[in-house]
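Read off the chains here:
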Amino acid sequence: MTLQEEYQKSDLKFDREKIIWKNPFRGQYWQVMMRWETPIMHKIAELCVNEGDNVLECGFGMGILSDAIQARKPASHTICENHKDIIPRLRSWAKDKSNVILHEDKWINVKDSGYSVILIDTYADDDLPKFKQFCEAK
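Predicted model only: the values in this text are computed from it and were never measured.

Definitions and limits used
- Residues numbered from 1 in each chain as written.
- Predicted model: local features only at pLDDT ≥ 70, side-chain atom pairs only at ≥ 80, totals over all residues.
- Heavy atoms only, no water.
- Pairing = 2+ DSSP bridges.
- Helix = DSSP H or I, 4+ residues; strand = E, 2+ residues; numbered from the N terminus.
- Axes fitted to C-alpha atoms, helices over the stretch in contact; angles between N-to-C directions.
- Contact = heavy atoms within 4.5 Å.
- Buried < 20%, exposed > 50% of the residue type's maximum accessible area, 1.4 Å probe, protein only.
- Phe/Tyr/Trp six-rings, centres within 6.5 Å; stacked < 30°, edge-to-face > 60°.
- Left-handed = near helix turned anticlockwise from the far one by under 90°.
- Nonpolar A, V, L, I, M, F, W, Y, C, P; charged D, E, K, R; others polar.

Caption draft 1: Layout of the sheet that holds strand β6 (residues 100-103). In spatial order, the strands read β6-β5-β4-β7; together these four strands make up an open sheet with parallel pairing. The open sheet has two edge strands with one neighbour each: β6 and β7 (117-120). If you compare each strand with its neighbour and ignore which way they point, the axes differ by 15° on average. Most of the contacts of helix α4 (residues 87-94) go to β6, to which it runs at about 165°, and overall it touches β5 (76-80) and β6.

Caption draft 2: Quick look at unusual backbone geometry. For K73, which is not glycine, the phi dihedral falls at a positive 60°. Inspection of the secondary structure puts K73 in the loop between α3 (64-71) and β5. Classification of K73 by relative accessible area gives exposed; the value is 54%. Phi angles above zero are rare outside glycine, and A124 is one such case at about 50°. Along the chain, the position of A124 falls in the loop between β7 and α5 (131-137).

Caption draft 3: Region of the structure containing the packing of aromatic side chains. For the structure on display, the rule yields eight aromatic pairs. On the basis of an interplanar angle of 55° and a centroid distance of 4.8 Å, the ring pair of Y7 and Y123 is categorised as tilted. Taken together, the positions of Y7 in helix α1 (residues 3-9) and Y123 in the loop between β7 and α5 put the pair 116 residues apart, joining distant regions of the chain. Here Y123 falls in the partly exposed class, since its relative accessible area comes to 21%. Seen from their ring centres, W21 and Y123 are 6.3 Å apart, and the 85° between their planes marks the pair as edge-to-face. Linking W21 in strand β2 (residues 18-23) with Y123 in the loop between β7 and α5, this pair joins segments that are 102 residues apart in sequence. What makes W21 buried here is its relative accessible area of 0%.

Caption draft 4: Broad picture of the sheet that holds strand β1 (residues 13-15). What the three strands build is an open sheet, ordered β1-β2-β3; its pairing is antiparallel. Sheet topology places β1 and β3 (28-34) at the edges, where each strand pairs with a single neighbour. With strand direction ignored, the average angle separating the axes of adjacent strands in the sheet is 25°.

Caption draft 5: Highlighting the packing of helix α2 (residues 38-48) against α3. Where α2 meets α3, the axes come as close as 8 Å, and the angle between the chain directions of the two elements is 35°. The chirality of how α2 crosses α3 is right-handed. Taken together, the residues of α3 that come into contact with α2 (itself represented by T38, M41, H42, I44 and A45) are I64, L65, A68 and I69. Considered class by class, the residues forming the contact of α2 with α3 number seven nonpolar, two polar and no charged.

Here you go:
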C-alpha cells in the first residue's frame, strides 16, 4: 500500500494548531498542516488571487488558504478535498459561501476549466507529478 493510500484511510487528529495522522509505516505521528503556515498561505493568496478570479484550490486542510482566498473576493472558488475526515469540515466552512463549489474528490479528476488561478497544497499526493500538465489543460 502506498503512503497516499495509507493516509487516505487513516483517521486524522485535529486541534487548533495542527492536523496530524499516524503513519503506519513508521509508527510516528506526522503533521499534515500547521497553524504557523498562516502567513505563508495569506501571502500566496495576496500574490495569486485578484477580486473576480475563478480559483481552483487543491487541498483544504485547515482552511487557512481558503480563508485567505475568500478575503480576496473571487468570483468562484472551487475547492478539491478527498480525505474523509476533512470533507465534513470543508462542508461546514463552505455552507454560507455562495461562490464556493465543492469537489469531494482528487483534483486530478476535476473536469471543469477556465480557472484564472490554480493553487495546490495537498498531502501524500501521488498525482503531484501530473500537476503541471493538469494546469496546462485548465
